Amino acid sequence: MFEPLTWALVALSLLAMVYALVLAARNKRIDWPVLGALGVIEVALLAQLVVGIVQLVGTDRDVSGPFFVGYLIGSLLILPVGALWALGDSSRWGAGALAIACLVVPVLELRLHDIWVA
């Protein structure tokens, strides 16, 4: 796996989580800056999906392919679901749900890293 991308995704997702928590604490709905950040993270996750599959096909490592691809796809899907939830909920809990989705991405990224290096 391309480790700099993994660590960049962890950092960006945690920053987006902090921003969403600030919005939740201020009882605000999510706004365009957080949606823009989610878009950047999604593009990076899509790039990681492509790079991860290409590297999986070309490796001789003992990597569990279904788990690895499942985590790649799962990490790509979690932010849009969280964003839709946040857009649909006009209370502070919408931003809170987005913060949780942003926290799930680093967890999935670290698990991907563990699968790859194990």
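Cut-offs used in this document
- Residues numbered from 1 in each chain as written.
- Predicted model: local features only at pLDDT ≥ 70, side-chain atom pairs only at ≥ 80, totals over all residues.
- Heavy atoms only, no water.
- Helix = DSSP H or I, 4+ residues; strand = E, 2+ residues; numbered from the N terminus.
- Expected span 1.5 Å × (residues − 1).
- Buried < 20%, exposed > 50% of the residue type's maximum accessible area, 1.4 Å probe, protein only.
- Contact = heavy atoms within 4.5 Å.
- Polar contact = N/O pair within 3.5 Å; in protein donor to acceptor, adjacent residues only side chain to side chain.
- Core = buried A, V, L, I, M, F, W, Y, C linked by side-chain atoms within 4.5 Å.

Asks: For the environment of arginine 111, give the residues involved together with the corresponding values.
Replies: Topologically, arginine 111 is positioned in helix H4 (residues 92–117). In this structure the C-alpha to C-alpha distance between arginine 111 and tyrosine 71, which are 40 residues apart in sequence, comes to 7.9 Å.

Asks: I'd love a proper account of helix H2 (residues 32–57), names of residues and values included.
Replies: End to end, H2 covers 37 Å across 26 residues, agreeing with the expected 38 Å (1.5 Å per residue, within 8%). Listed in full, the buried residues belonging to H2 are Val34, Leu38, Ile41, Glu42, Ala44, Leu45, Gln48, Leu49, Gly52 and Leu56. Turning to H2, the residues buried within the fold contact helix H1 (3–25), helix H3 (65–88) and H4.

Asks: An account of the side chain of glutamine 48 is needed here, citing residue identities and associated values.
Replies: As for its position among the elements, glutamine 48 is in helix H2. Assessed through its relative accessible area of 4%, glutamine 48 is described here as buried. In terms of polar contacts, glutamine 48 uses its side chain to reach the side chain of glutamate 109, at 2.8 Å. Leave out the neighbours within four places in its chain, and glutamine 48 touches Met1, Leu5, Thr6, Leu9, Leu72, Glu109 and Leu112.

Asks: Tell me about the nonpolar core, and please be specific about residues and values.
Replies: Ile30, Leu45, Phe68, Leu79, Leu98 and Cys102 are the most contacted members of the largest nonpolar core, which totals 32 residues. Listing elements by their share of this core, those giving two or more residues are H1, H2, H3 and H4. It is H4 that provides the largest number of residues to this core, a total of 9 residues. Once residues within four sequence positions are removed from consideration, phenylalanine 68 is found in contact with Met1, Gly52, Leu56, Val63, Leu112, Ile115 and Trp116.

Asks: Account for the environment of glycine 88, with residues named and values stated.
Replies: Among the secondary structure elements, glycine 88 is positioned in helix H3. For the pair glycine 88 and arginine 29, spaced 59 residues apart in sequence, the C-alpha to C-alpha distance is 9.8 Å.

Asks: Can you lay out H3 for me, pointing to particular residues and giving the numbers?
Replies: Helical geometry note: an α-helix holds 3.6 residues per turn, so side chains three or four residues apart project in the same direction. Between the first and last C-alpha of H3 there are 35 Å, a value that for 24 residues agrees with the 34 Å anticipated at 1.5 Å per step. By the burial criterion, the buried members of H3 are Gly65, Phe68, Leu72, Ser75, Leu76, Leu79, Gly82, Ala83 and Ala86. Against H2 and H4 lie the buried residues of H3.

Remember, this is a structural readout, not a statement about activity or role.
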